[in-house]
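# Descriptive analysis of the structure
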Amino acid sequence: MPAYDKSDLERRMTGAVESLKHDLGGLRTGRASVTLLDPVNVVVYGSSMPLNQVATVSAPEPRMLSVQVWDKTNVGPVEKAIRSAGLGLNPINDGQTLRLPIPDLTEDRRKELAKLANQYAEKARIAVRNVRRDGMDSLKTDEKKGVFGEDERKRNETEVQKLTDTTIADLDAAAGAKEKEILGK
């Protein structure tokens, strides 16, 4: 059985793009986005749970998030978790609902977030290059085993390189779009 599997390489590279898009979705841009609270974990019922398992998050206005806590006894822990998440948000308690006004971003904070977006993109690029390396290694292994000849290996290497280039272009486009959004250009 050949070690080279093009569909596996495509799946792994697509996974890197999806992962980057998810990471970028959690970066604050000055607009309310329900994905902003994805990294928040709440300690309730003796264990740590993602916020979306104890409350409904919505964005009723462009600069306001609303967190509807399902169990009234969990309002305190949810409020505490949001305050301590390092997102720069101050919840306003309205009984069973927490309102989160999204403050304006300072120029320094915008630059920090743009740097962070680029770091996420670089991590994704490294992941894609590692997938490419694995693909190239498996092609060489298959050639040594006699699964196919040198011409076939070179043809497949060209395919892997094209796939890598396309995927990295997708990563750069996603990161560039997020950076524009953050810097407000």
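Data block above holds the structure.
Residues numbered from 1 in each chain as written. Predicted model: local features only at pLDDT ≥ 70, side-chain atom pairs only at ≥ 80, totals over all residues. Heavy atoms only, no water.

### Description of the sheet that holds strand S3 (residues 55-61)
Reading across the sheet, the four strands line up as S3-S4-S6-S5 and stay open at both edges, with antiparallel pairing between neighbours. Two strands in the sheet have a free side with no partner beyond their single neighbour: S3 and strand S5 (92-94). Strand-to-strand, the axes of this sheet are offset by a mean angle of 25°, without reference to chain direction. Pairing geometry for S3 and strand S4 (residues 64-69), over five bridges, is antiparallel. In the sheet register, Ala55 faces S4, and the bridge partner there is Val69. Along the sheet, helix H2 (residues 75-83) makes contact with S4, S5 and strand S6 (97-101), crossing S6 at roughly 15°. (Pairing = 2+ DSSP bridges. Helix = DSSP H or I, 4+ residues; strand = E, 2+ residues; numbered from the N terminus. Axes fitted to C-alpha atoms, helices over the stretch in contact; angles between N-to-C directions. Contact = heavy atoms within 4.5 Å.)

### Thoughts on the pairing of S6
Pairing of S4 with S6, which is carried by five bridges, proceeds in the antiparallel orientation. Along S6, the bridge assignment pairs Ser66 with Arg99. Where S5 and S6 come together, three bridges link them in antiparallel fashion. Note that in S6 the partner of Asp94 across the bridge is Thr97. The antiparallel pairing of S5 with S6 creates a hairpin that spans two residues between the two strands, and Gly95 there sits at a positive phi of about 75°.

### What to know about the environment of Ala32
Relative to the helices and strands, Ala32 is located in the loop between helix H1 (6-25) and strand S1 (41-44). Owing to a relative accessible area of 17%, Ala32 belongs among the buried residues under this scheme. A C-alpha to C-alpha distance of 9.6 Å links Ala32 and Ser66, two positions 34 residues apart in sequence. Apart from residues no more than four positions distant in its own chain, Ala32 is found in contact with Ala59, Glu61, Pro62, Arg63, Met64, Leu65 and Ile102. (Buried < 20%, exposed > 50% of the residue type's maximum accessible area, 1.4 Å probe, protein only.)

### A closer look at the environment of Lys80
Note on placement: Lys80 falls in helix H2. For Lys80, a relative accessible area of 62% puts it in the exposed group. Separated by 53 residues in sequence, Lys80 and Arg133 place their C-alpha atoms 44 Å apart.

### Some thoughts on the packing of helix H3 (residues 107-145) against helix H4 (residues 150-183)
Relative orientation of the contacting elements H3 and H4 amounts to 170°, with a least axis distance of 10 Å. Here H4 runs roughly antiparallel to H3, going by the angle between their axes. Taken together, the residues of the contact of H3 with H4 sort by class into 14 nonpolar, five polar and twelve charged. (Parallel < 35°, antiparallel > 145°, perpendicular 65-115°, else oblique. Nonpolar A, V, L, I, M, F, W, Y, C, P; charged D, E, K, R; others polar.)

### Section: the side chain of Asn156
Looking at the element boundaries, Asn156 is found in helix H4. Judged by its relative accessible area of 8%, Asn156 falls in the buried class. For Asn156, the contacting residues outside a window of four places in its chain are Tyr4, Leu139 and Phe148.

These results come straight from atomic positions and should not be treated as a statement about function.
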